[in-house]
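Here is how the chains run, residue by residue.
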Amino acid sequence: MENVKSRAKEKWLVIAVFMFVPLLLLLVFTYVPFFKMVQFSFYKMKYIGPRTFVGLKNYVDVFSRGECFRSLFVSVYYMGGAILQLGLALFLATMLVFKTRGSGIFKGAMLFPYLICGIAIGFIFKFFYARGFVLDSFLQALGFNIDNIPLWLEEEKINNISLAATSVWRYTGQNMILFLGAMMSVDTDLYEASDLDGANKWHQFRYIILPSIKSIVVLNLILSISGSLSAFEPPYVITNGAWGTGTYFVIMNRLAHENQKVGLACAMAIVLLAIIVACTVAQNLFFKYAFDDGTADESKAAARQRRKAAKAAKKAAKGGM
């Protein structure tokens, strides 16, 4: 009995020792900085110097200063790019899940952009979009006049679309691999049975693949939309937020590090966190209502219609008796 108690104590001691360091790192580098950021958001301050308590003034400034809140609308371009990349990734993954020649090379080529540092990608596309460089030269080779080619980074009608395209190029491969991994877990007997029933590839995608990976689709959509709100690397490296391309993160970085308005930048960070949490909760509630949290094979609306039809059939059967 004593040996059992001794082993139990040793077990809990080992668990406590191994948990101490990760929990300490989490506390020091995550929770303490977060609570300090919340504290700083109520002060007018710089990194070095006196602090003045201003209460909620910084939060009021976030919504009243045009450059702060207006920058959130730039994220709409990145949200559109996120939806496009998810659709493209889903299409490519569906093509690869069926037997395709050279699929290994194609998967490696698609995943490679995700492995490149975001700063490096920014410099690549900075020269790619520059006047007279890669993209312009390619279009000129196709017969376009240089005077008719837009300034991809300076014209406000198109520059945010150009920057959002860099995110599509970078993250499509990652989402494709995630979708492909989920598709490969589907039982292959379902494909064989559908072939015997005369189903084509579209039917297999609609009735077998998509219901089986619905949870992964919902998860990727939530992560992509949330990530679009915090886009930073493309506009920061390529344009530095000029010509109306400054996202919320770029403006927050400028206020914190260039203008030394630390309190206002902290308030912007808290507001952004609240927006991301609200968007995530709203998406979860929507998918939970519409698709049973992404795990059911049919939507709740379809399930309700099926139950109503079943009740009507029962009433009709009873009436006939």
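Rules behind the numbers
Residues numbered from 1 in each chain as written. Predicted model: local features only at pLDDT ≥ 70, side-chain atom pairs only at ≥ 80, totals over all residues. Heavy atoms only, no water. Helix = DSSP H or I, 4+ residues; strand = E, 2+ residues; numbered from the N terminus. Contact = heavy atoms within 4.5 Å. Areas by Shrake-Rupley, 256 points an atom, 1.4 Å probe, with all protein chains shown as cover. Axes fitted to C-alpha atoms, helices over the stretch in contact; angles between N-to-C directions. Parallel < 35°, antiparallel > 145°, perpendicular 65-115°, else oblique. Left-handed = near helix turned anticlockwise from the far one by under 90°. Nonpolar A, V, L, I, M, F, W, Y, C, P; charged D, E, K, R; others polar. Buried < 20%, exposed > 50% of the residue type's maximum accessible area, 1.4 Å probe, protein only.

Undergrad: How should I be thinking about the overall build of the protein chain in this particular structure?
TA: The number of helices and strands found in the protein chain is 15 helices and two strands. When contacts within the protein chain are restricted to residue pairs at least 6 apart in sequence, those whose partners lie at least 24 apart make up 65%. Split by element, the accessible area of the protein chain, about 20,100 Å² in all, is 68% carbon and sulfur.

Undergrad: What is the right way to look at the packing of helix α6 (residues 118-129) against helix α8 (residues 159-183) in this model?
TA: Helix-helix packing: each pair is described by the crossing angle between the helix axes and the interaxial distance. At a minimum axis distance of 11 Å, the contact between α6 and α8 shows a crossing angle of 130°. Between α6 and α8, the interaxial angle falls into the category oblique. As for how α6 packs across α8, the hand of that crossing is right-handed. Of the residues in α8, those in contact with G118, I121, F125 and Y129 of α6 are S162, A165, T166, W169 and R170. Partitioned by chemical class, the residues of the contact of α6 with α8 number five nonpolar, three polar and one charged.

Undergrad: What exactly am I supposed to notice about the side chain of N220 here?
TA: Assignment of secondary structure puts N220 in helix α11 (residues 214-229). Exposure remark for N220: the relative accessible area of 3% places this residue in the buried category. When near neighbours in sequence (up to four residues on either side) are disregarded, N220 contacts L86, N175, L178 and F179.

Undergrad: For this particular structure, what's the right way to read helix α13 (residues 248-258)?
TA: Among all positions in α13, only Y248, V250, I251, M252, N253, L255 and A256 are buried. Downstream of α13 by a residue or two, Q260 has a phi angle that is positive, lying close to 60°.

That's the geometry; what it means functionally is another story.
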